[in-house]
Amino acid sequence: MKKLEIVGFKRANLGKKESKDLRAEGLIPSVLYGGGEQIHFSAPTILFRDLLYTPDAYEVTLNIEGEIRKAILQDTQFHPVNDALLHADFLEITDKPIKVNVPLKFVGNSPGVIKGGKLVQKLRKITLRGQAENIPDFVEVSIEGLDLGKSVRVAEVNVENVEILNSKSLPIATIDIPRSLRGK
């Protein structure tokens, strides 16, 4: 996984009013859980940009008042009207397995696409469970053997040292047959 650092400050007061005041100052109220105790903290909004607006999975180094913790972004809450980030939840990386959505990357040339078919991506990310050091940046999916009308499924993907949580029969990508070739 890619790495990113977020510097935060512990929150003395919890609650709706305090959270609203933090957001007005340009800070995002956040919580870190999964280790021993929950840590409530806030961090500048600008630090979340690279973490949120990318398909990549990140291992986040949280520097909370000098205390370093490794975590992954578990959940976010956005404002329903203006899409501003309201809250972020982080899961601390321990020796337990973690569950992460990892982007898919297609490699190879498909004979179906060369014949005029269209590659339709059904899944953008795949869910993996395993130790943090075994989680890859992306999962490569080969489309070398896909002809017109064929699909590649989750069962055909192999990732070392991690478990794939998606249904094995779920299609990842399909080669659609163009209308001009359907009757032939």
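Residues numbered from 1 in each chain as written. Predicted model: local features only at pLDDT ≥ 70, side-chain atom pairs only at ≥ 80, totals over all residues. Heavy atoms only, no water.

Caption draft 1: Structural view of the side chain of Ser-42. Following the sequence through the fold, Ser-42 ends up in strand 3 (residues 39-44). The contact partners of Ser-42, leaving out residues within four places of it in the chain, are Gly-8, Phe-9, Arg-11, Leu-22, Leu-27, Ile-28 and Pro-29. (Helix = DSSP H or I, 4+ residues; strand = E, 2+ residues; numbered from the N terminus. Contact = heavy atoms within 4.5 Å.)

Caption draft 2: Seen up close, the confidence of the model for the protein chain. Predicted confidence across the protein chain gives a mean pLDDT of 88, with 99% of residues reaching 70 or more. For the protein chain, helix 2 (residues 49-52) is the element with the lowest average pLDDT, namely 87, and strand 12 (residues 163-164) is the one with the highest, namely 92. (pLDDT = per-residue confidence, 0-100.)

Caption draft 3: The arrangement of the pairing of strand 2 (residues 27-33) in detail. With six of its seven residues buried, strand 2 lies for the most part within the structure. Direction of pairing for strand 2 relative to strand 3: antiparallel, over a ladder of six bridges. Opposite Val-31, over in strand 3, you have His-40 as the bridge partner. The loop that links strand 2 with its antiparallel partner strand 3 comprises five residues; one of these, Gly-34, has a positive phi angle of about 105 degrees. (Buried < 20%, exposed > 50% of the residue type's maximum accessible area, 1.4 Å probe, protein only. Pairing = 2+ DSSP bridges.)

Caption draft 4: Quick peek at the packing of aromatic side chains. According to the stated counting rule, one finds two aromatic pairs in the structure shown. Pairing Phe-41 with Phe-90 gives two aromatic rings, centres 5.9 Å apart and planes at 35 degrees, and the pair type is tilted. Here the residue Phe-41 occupies a position in strand 3, and Phe-90 occupies one in strand 6 (residues 85-92), the gap between them amounting to 49 residues. Ring centres 6.2 Å apart and planes at 40 degrees place the aromatic pair Phe-48 and Phe-90 in the tilted group. Placement of Phe-48 in the loop between strand 3 and helix 2 and of Phe-90 in strand 6 is noted, with a sequence separation of 42 residues between them. The exposure classification of Phe-48 matches that of Phe-90, with both residues buried. Pairwise contacts between aromatic rings join Phe-41, Phe-48 and Phe-90 into one cluster. (Phe/Tyr/Trp six-rings, centres within 6.5 Å; stacked < 30°, edge-to-face > 60°.)

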